[in-house]
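Below, each chain spelled out in residue letters.
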Amino acid sequence: MRWHASLPLALVLGAVATAAEPQFNRDVLPVLAAKCLACHGFDAHSREAGLRLDTAEGATTLLESGRRAVVPGDVAASELVRRIASTDADEVMPPPDSGKELSAAERDVLRAWIAAGGRYERHWAFVPPVAVEPPEERLGGHPASHPIDRFIAARLAERELTPSPEAPPEILLRRVHLDLTGLPPSIAEIDRYLDAHAVDPEAAYRDAVERLLASPHYGERLARWWLDQARYADSNGYSIDAPRDMWKWRDWVIDAFNRDLPFDRFTIEQLAGDLLPDAAMAHRVATGFHRNTQINQEGGIDREQFRIESVFDRVATTGVVWLGLSIGCAQCHDHKFDPVSQRDYYRLFAFLNNQDEPTMKVPPAGEDLAALEAERSAALAAVHAHVKSRASELQAWEATLDADQRGKLPKPAQAALDIGEAKRSAEHRRTLFAAGIGVGDTAFETLEQRWRDLDARWTSMPTTLVLEERREPRRTTILVQGDFTRPAEEVSPGTPEVLHALATTAPTPTRLDLAHWLVDSANPLTARVLVNRVWQRLFGMGLVETENDFGLMGSPPSHPELLDWLAVEWMRRGWSLKDLHRLLVTSRTYRQSSVGTPAAAAADPSNRLLARQRRLRLEAEIVRDVALAASGLLVPTIGGPSVFPPIPDGATSLGQMRRPWQTSTGPDRYRRGLYTFVFRATPPPALAVFDAPEGFTTCTRRNRSNTPLQALTLLNDTAFVEMADALAAVIRTDGVVAAFRRCTARHPDDDEVGVLSALEPIEAARVLLNLDETVTRE
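Computed from a prediction, not measured in an experiment: that's the story for all the values here.

Examining the confidence of the model for the chain
Okay, step 1: Residues at a pLDDT of 70 or more form 92% of the chain, whose mean pLDDT is 91.
Okay, step 2: This model gives residues 1-27 a pLDDT under 50, and the stretch forms 116 contacts once residues within four places in sequence are excluded.
Okay, step 3: Note that residues 43-50 has pLDDT below 50 and, in this model, 28 contacts with residues that lie over four places away or in other chains.

Next comes the structure, spelled out in structure tokens:
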């Protein structure tokens, strides 16, 4: 019997990839055993006997040889120990072809683990979070009152570190403005805050937080975060990359965040809004989340293949966004590291395999879509009835036409004449009538105009892509090696066995059951994953650094008790994202300066213990928004179709298809970056250079690069040149100090004023828009 290097033995050993401890004590042995085996990729299955080593039952099963892989407490009798010490290439674990080898220390870990009883534990992320009472700690000599600060202070105290002081008031105000709305504070807002801060700093800050949470721009800020995860873009992708209309879904997301739709409901409506009782139009629009997949419009493709590819993407996205697991890795085989089998994968696949993918019209507020469609149909029927009433006259007119007269008719009328009378449709006759005897027929022209007006309202109505459950479910099978042409065992909808049970009484569970399962309080992952991702947004790094992987190969939480407390508290507060943001940004941990101490830098160079805040380069869209706001050009309109700000000539011709870019004029030219039209194949360069995702796959954390192209973009891109011109006008009227404060929120020092004053206004403006401070959240 041989185990090969694929799945780790320690799938359910409670593995947390921690550094090896200097001593083998009983409590850490399962963790250490998991680490050394996970890192060396031991399979959870025997190639010959189907033996599972990821459970105590499997590891202690009696083998054909009469031995057991693990005999708790008996090292000598454990086949695993013999195999890891073997020099026989056919027996040694890991096998030579894996390219991995256990160190002597790792073999000692496994022996010690077995000698201590071979205790199995569940991986920490698969155990439901339990809230613990925040520790009693002191900050700056005073008891820490905020629960988050108490957790952070306790860890800092263990390392004899102290937190940084609170950031200067104007820097803190700019930070919370950018984090909650994505826009910098105006000079008037800064001055009002400073006046209030001088009287009561705590009240001033909390009032500012409440004002920002109530701002309609809060929804825009959170929407950009969610659109990354939803792989949103304005085109279909692949080589054709034709434009699509999805902005109605984007606007639904903005509105949902602004009205603080609880995240559990937010989840349910996006994954299964069409299946809700009495589903409204907005619920159906919400299902656009899983229509953000690419659509291949190339000729000669197998459409079923690419439909399956879209479902693959939906399964993987659901796994990453809600569960923080790379479930997509089980598409072709059992997951190599996590306890997710290929069967688990295709049971999840079955939930998302039973939908049609229609394009739905979305009427404006107050418009009854069904009534408009009925009125439009009735108007057309009235036109057809009028034409029919004069059928004999139409035939007589047609009989008088010679070749020359026929050639002068509109092309559609000529085409209708070429069709035999018996085969003509009512539309053909209407076309002929309009070109002939209908001219001057007042009754006809009135009916025709009525229909045209209604048809124009109908055809110009915005559309969006949605999901719609099929009446006849598709058959779902496991696909051998993920190949859609190789169906195997049929499966029904279900969830991974390692997680909590799916609660449903339906004979065949639906997407609605899946959505409820994801936000069930028994789910150990969803709340943890999402609070960690919000934490990452505000602090630059999650409590779990691998925010998209809470599995065996992910990093352990830096503050596990805090993570669990936040997850439980968020659910207790009704899944409110506004409450969660309020909780996080009012902590002293969030409010502290990003300037650390040498002692903290030496003891914790990556700032995992949070002795300071982090400086964060702004996201691509927010770089644009800050420059628009500072220059005074920003048009703050919320929602609507995507817009086309200036981009370099030819930027959209780099793909297979040259896509037109009709640069917006008027207010649309200066809208927020959230509304910029994005082709997947050729995204706007100013967004791409600042690391905006392209929308091919879900993005849970953006890269933050620092390149010369970014400086060149801020200096030379047409849009930024226009913003610099506007900021130069501010300098001419209000001076360099006002322009500096617009960009950074703080007052410049004398040296900075001197340098800027020596420049021409346009040069000073270009410098200010290119400052590190301008494009950074301090």
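Moving on from the coordinates now.
Thoughts on the nonpolar core
Okay, step 1: Counting residues in hydrophobic clusters, the biggest one holds 116 residues, and the most contacted among them are W226, W249, F257, W535 and L566.
Okay, step 2: No other element matches helix 22 (residues 526-539), which puts 8 residues into this core.
Okay, step 3: Those residues within four positions of W226 in sequence are excluded, and the remaining contacts are W249, V253, F257, F263, F266, Q270, F289, V321, W322 and L530.
Okay, step 4: With 37 residues, the next largest nonpolar core counts L714, A724, A728 and V775 among its residues.

Observations concerning unusual backbone geometry
Okay, step 1: Cis rather than trans, the peptide bond between M93 and P94 has omega equal to -10 degrees.
Okay, step 2: The residue P94 is located in the loop between helix 3 (79-85) and helix 4 (104-115) in this model.
Okay, step 3: Non-glycine residue E160 carries a positive phi angle of around 55 degrees.
Okay, step 4: With respect to the element layout, E160 can be found in the loop between helix 5 (147-158) and helix 6 (169-180).

Looking at the packing of aromatic side chains
Okay, step 1: Applying the stated rule across the entire model yields 30 aromatic pairs.
Okay, step 2: Relative to Y590, the ring of F539 has its centre 6.0 Å away and its plane inclined at 85 degrees; by these criteria the two rings are edge-to-face. In this pair, F539 is assigned in helix 22 and Y590 in helix 25 (residues 588-591), connecting sequence segments 51 residues apart. The two residues F539 and Y590 agree in class, both being buried.
Okay, step 3: Connected via pairs of aromatic rings, a cluster forms that spans W225, W226, Y232, W249, W252, F257, F263, F266, F289, W322, W570 and W575.
Okay, step 4: Seen from the ring of F289, R231 lies directly overhead, with NZ or CZ sitting 5.4 Å from the centre.
Okay, step 5: Directly above the aromatic system of Y675 lies the positively charged group of R671, at a separation of 4.3 Å from the ring centroid.

Some words on the packing of helix 6 against helix 8 (residues 201-214)
Okay, step 1: Between helix 6 and helix 8, whose axes approach to 10 Å, the crossing angle comes to 20 degrees. The orientation of helix 6 relative to helix 8 falls into the category roughly parallel. Considering only the axes of helix 6 and helix 8, their crossing is right-handed. In this structure, helix 6 uses L172, L173, V176, H177 and L180 to contact helix 8, whose residues at the interface are Y205, A208, V209, R211, L212 and L213.
Okay, step 2: Along the lines of polarity and charge, the residues of the contact of helix 6 with helix 8 split into 9 nonpolar, 1 polar and 1 charged.

Remarks on helix 6
Okay, step 1: Between its first and last C-alpha atoms helix 6 spans 16 Å; for 12 residues at 1.5 Å apiece the expected length is 16 Å, and the two agree.
Okay, step 2: Among the 12 residues of helix 6, 11 are classified as buried, and the element is accordingly described as predominantly covered.
Okay, step 3: Among all positions of helix 6, only E170, I171, L172, L173, R174, R175, V176, H177, L178, D179 and L180 are buried.
Okay, step 4: Downstream of helix 6 by one or two residues, G182 has phi in the positive range, about 80 degrees.

Comments concerning the pattern of salt bridges
Okay, step 1: A complete count under the given rule lists 61 salt bridges for this structure.
Okay, step 2: As a salt-bridge pair, R155 and E158 come within 3.4 Å of each other at their nearest N and O atoms. Taken together, the residues span about one helical turn, with R155 and E158 both in helix 5 at a distance of 3 residues.
Okay, step 3: Between E621 and R702 there is a salt bridge, and its shortest N-O distance comes to 2.8 Å. Of this pair, E621 sits in helix 27 (residues 620-631) while R702 sits in the loop between helix 28 (685-688) and helix 29 (708-716), placing them 81 residues apart in sequence.

Remarks on the side chain of T698
Okay, step 1: Along the chain, T698 turns up in the loop between helix 28 and helix 29.
Okay, step 2: Polar contacts involving the side chain of T698 include one to the main-chain carbonyl oxygen of Q229, which spans 2.6 Å.
Okay, step 3: Ignoring anything within four residues of it in the chain, the contact list for T698 reads D228, Q229, R231, T317, V320 and V321.

Topic: the environment of L63
Okay, step 1: Examined against the element boundaries, L63 turns out to sit in the loop between helix 2 (56-59) and helix 3.
Okay, step 2: In sequence terms L63 and E79 are 16 residues apart; their C-alpha atoms lie 9.5 Å from each other.

Regarding helix 33 (residues 761-769)
An α-helix turns once per 3.6 residues; consequently, residues spaced three or four apart project the same way.
Okay, step 1: Listed in full, the buried residues belonging to helix 33 are P761, A764, A765, L768 and L769. End-on, the buried residues of helix 33 take up no more than an arc of 130 degrees, which puts them together on one face.
Okay, step 2: Against the buried residues of helix 33 lie helix 27, helix 29, helix 30 (718-734), helix 31 (736-744) and helix 32 (750-757).

Calculation criteria
- Residues numbered from 1 in each chain as written.
- Predicted model: local features only at pLDDT ≥ 70, side-chain atom pairs only at ≥ 80, totals over all residues.
- Heavy atoms only, no water.
- pLDDT = per-residue confidence, 0-100.
- Contact = heavy atoms within 4.5 Å.
- Core = buried A, V, L, I, M, F, W, Y, C linked by side-chain atoms within 4.5 Å.
- Buried < 20%, exposed > 50% of the residue type's maximum accessible area, 1.4 Å probe, protein only.
- Helix = DSSP H or I, 4+ residues; strand = E, 2+ residues; numbered from the N terminus.
- Phe/Tyr/Trp six-rings, centres within 6.5 Å; stacked < 30°, edge-to-face > 60°.
- Lys NZ or Arg CZ within 6 Å of the ring centre and 35° of its normal.
- Axes fitted to C-alpha atoms, helices over the stretch in contact; angles between N-to-C directions.
- Parallel < 35°, antiparallel > 145°, perpendicular 65-115°, else oblique.
- Left-handed = near helix turned anticlockwise from the far one by under 90°.
- Nonpolar A, V, L, I, M, F, W, Y, C, P; charged D, E, K, R; others polar.
- Expected span 1.5 Å × (residues − 1).
- Salt bridge = Lys/Arg side-chain N within 4 Å of Asp/Glu carboxyl O.
- Polar contact = N/O pair within 3.5 Å; in protein donor to acceptor, adjacent residues only side chain to side chain.
- Arc of directions from axis to C-beta.

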